[in-house]
Amino acid sequence: MKRPLLSGSLTLAVSSLVIAGAGVPAVAAAPQPQASHSKAVQDATAQVAAHPDAVKAGANDQFQVTNVQVDADGTRHVHFNRTYRGLPVRGGDVVVHSAPNGTLDSASLTQAAPLSLSVTPSVTDRQAIAKASQLFRGTRGTSTATLKVDVTGASPQLVWEVVVNGTGEDRSPSHLHVLVDAVTGATGTSWDSFSAFLPDGVKRAKTKAAPTAPTAQSAPAALAAAASTGTGKGYQVGNVSVSTTQNSATSYTLKDPARGNGETRDAQNQTATNDSPPAGWGVAFNDTDNVWGNNALTDRATVAVDAHYGIQATWDFYKNVLGRNGIKNDGVGARSFVHYGTNYDNAGWDDASFAMIYGDGAAGSKPFTEIDVAGHEMSHGVTAATAGLVYSGDAGGLNEATSDIMGTMVEFNANSAADAPDYLIGEKIDINGNGTPLRWMDDPSKDGKSVKCWSTSTKNLNPHYSSGVGNHFFYLLAVGSGQSQWGNSPTCDGSSVTGIGNDASTKIWYRALSVYMTSNTDYPGARTATVKAAKDLYGAGSTECAAVEKAWGAVSVAPTATTCGGTTPPPTGNLLLNPGFESGATSWTGTSGVITTDAGAAPRTGSYYAWLDGYGSTHTDTLSQSVSIPSTATAPKLTFWNRITTAETGTTAYDTLKVQVVNGTTTTTLATYSNVDATSGYVQRTLDLSAFKGKTVTIKFTGAEDSSLQTSFLIDDTSVTAG
């Protein structure tokens, strides 16, 4: 009996998965009608329900939309946060990627398997807060504890995520997060969500006189405000134009109506009393002639010019280069507070208050109001609004690297004569008192603490130092290896890398961040994300994509399953990807509809299987995947489960299934099965691959039927092993 020809779309059995109400979409790569965002959410929600295996979901999971991006060609990317039995899942977020017609393409996530664990704590929230508070150093304020499921470790764990707010020992705002095991009470990973520019314990050399004391600022007149362009005389940025608000003929405020009303305010050398600078805190900078500062620290408005210009430069970079409308892509500007604290020797971004603070520095040192510092800190806000990279492990390094990368690109985009662009981080604030920067992107190890080559131990470093891998990768991608006007960049594998320039490198990193990275992405995951981004932007066969792969190899991040040219298998275990077809057609090439859940036949395990032929007419189906057989393999073999059903009779082979290996232009048939070999169920087949050790070949199944009477060749649970 002839079966219906299957379509190429993927369909999984619908589960009882519940999808929570969708949030308001916040991110778009290109202007799209709001209806397209709503449809993207609707379709992605349906795809999550229909394909729970693709997102490692179980019946007790719920998903809440956080971000939506619709590409110019209609491709959708919907970012979901996950809950399990009502509890937030740390590291459980997922990005669902769908075709323009709404069908599932793939999903980006780090959660390895559906959850199954008790959510009843043995430790109370008060006990958890007491344990976490022991780790806080400084003046404590309020504390909260939220019960969560943490999937970022070796196995899922019920934890209290405690946030201890207060003021750190260096007088920075502090939001110390501590994971406390909700069963044993043991403390685990901890991090501070206030993003300080200088790492803990870093002190600066003294290089200048202390700034002037605070002076009172008069309030602007209560009149209709208008946009205006003022003259700024900054300390770090020199003479620049600054966008201000005109309140009257003789009253101006450092607030930028052209950039979401981003404002610079005077902290009056105070620290925030509630751990974060709230809206309206501090004093507005007002002026009568719209001329601000005097290029010296005798005028408090001088560093305000630096900070205000930093807001402008960061906004303009994201808007003009990346098409992003503000830090959250919602058109709302950020606030900057200068003269924070007394001799406060740091700067930082506080996402809780959507504000940046700048210290004047310890007595005798320079203020932190440098262009790349502004771009760095505000980019922490962009990361929080996109991938949400947690500030620990590899993800913390990627978070910090993103800020270094984007801060540097802000500096290049501003192209200021007073702060010439370079690949140095914080060079003008003179951290070391000898003109050297805080970090070098060409060779991050120059600071004596950062790493330039990735390893499995990189995740154990402070994110300021594990960021070196990402910084080194970006420099190699943009500039290349060896000597240049910007530095001398080595490679970890001795290779030579040719750079593709800032523009392409920046767009690749940003798309990877905003489309493919999730909260717990590690460095191998970042390689996957950037390769996907490069393929999206420039094509699989592009110079740009090849350079991404080359640059990651040069910082010791090995190939993953995603490559520019196809699929690279993992080094151990089953060398085939998606071997049981449970991710649909992912990683396989074949005739449309061969990988299926069609109810006309059945898989051996799971929901998907491969069905070749079965039409009862002249027909050929193929299914293949590229795989590398290690040269060190002792007994490489191909194993698969096969079921053959047929309407043919007799001992003549009318319909055949050939199992082949394609090596370059040579095709070797390992085995041929036919209607004569019909089975009552699935049987396991094992074939020797020893002849292909050390080669990258294509495993291929070819099913061919003659003109009458069907034969179906079913395949499931494939594997290639090294032995």
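Per chain, residue numbering runs from 1 following the sequence as it is written. Reporting of local features is limited, given that this is a predicted model, to residues whose pLDDT is at least 70; pairs of side-chain atoms are given and counted only at 80 or more, and all residues count toward the totals for whole chains, interfaces and linings. Only hydrogens and water are set aside; all other atoms, that is, all heavy atoms of the structure, feed into the side-chain values.

(A) Region of the structure containing the nonpolar core. By convention a nonpolar core is built from buried Ala, Val, Leu, Ile, Met, Phe, Trp, Tyr and Cys residues, the set being connected through side-chain atoms within 4.5 Å. Exposure categories follow from relative accessible area, calculated using a 1.4 Å probe and restricted to protein chains: below 20% of the type maximum is buried, above 50% is exposed, and the middle band is partly exposed. By size, the foremost hydrophobic cluster in this structure holds 84 residues, and its most contacted members are Phe197, Tyr358, Phe473, Met517 and Trp552. Not counting chain neighbours up to four residues away, the residues in contact with phenylalanine 197 comprise Asn346, Ala347, Gly348, Phe368, Val373, His376, Glu377, Ile425, Gly426, Ile429, Leu438 and His464. Listed in part, the 30 residues of the second largest apolar core include Tyr608, Ala633, Val659 and Phe713. Two residues form a contact once any of their heavy atoms are found within 4.5 Å.

(B) Inspection of helix H7 (residues 502-516) at higher detail. Counting from the N terminus, the helices are the DSSP runs of H or I reaching at least four residues and the strands are the DSSP runs of E reaching at least two. How far a helix is expected to stretch is found by multiplying one less than its residue total by 1.5 Å. End to end, H7 covers 20 Å across 15 residues, agreeing with the expected 21 Å (1.5 Å per residue, within 8%). Along H7, 13 of the 15 residues are buried, which leaves the element largely enclosed by surrounding structure.

(C) Seen up close, the sheet that holds strand E31 (residues 656-663). Read across the open sheet, the 5 strands follow the order E26-E29-E34-E31-E32; overall the sheet is antiparallel. Edge positions in the open sheet fall to strand E26 (589-590) and strand E32 (666-674), since each of these has one partner strand only. Any two strands between which DSSP finds at least two bridges are classified as paired.

(D) Layout of the state of the cysteines. In what follows, a disulfide is any cysteine sulfur pair within 2.5 Å. Per the counting criterion, the structure on display carries 2 disulfides. With a sulfur-sulfur separation of 1.9 Å, cysteine 453 is cross-linked through a disulfide to cysteine 492. Every disulfide takes its handedness from the sign of the S-S torsion; for cysteine 453 and cysteine 492 that torsion is -95°, giving left-handed. Residue cysteine 453 is found in the loop between strand E23 (439-440) and helix H6 (463-478), and its partner cysteine 492 is found in the loop between strand E25 (487-489) and H7; the two are separated by 39 residues along the sequence. Given a relative accessible area of 26%, cysteine 492 falls into the partly exposed group. In this model cysteine 545 forms its disulfide with cysteine 564; the gap between the sulfur atoms is 2.0 Å. On the sign convention where negative is left-handed, the bridge of cysteine 545 and cysteine 564, at about -95° about the S-S bond, is left-handed. Note that cysteine 545 is positioned in helix H9 (residues 543-554) and cysteine 564 in the loop between H9 and E26, a separation of 19 residues in sequence. Here the bonded cysteines of the protein are numbered in sequence order, and their pairing is 1-2, 3-4.

Honestly, it's all geometry; don't read function into it.
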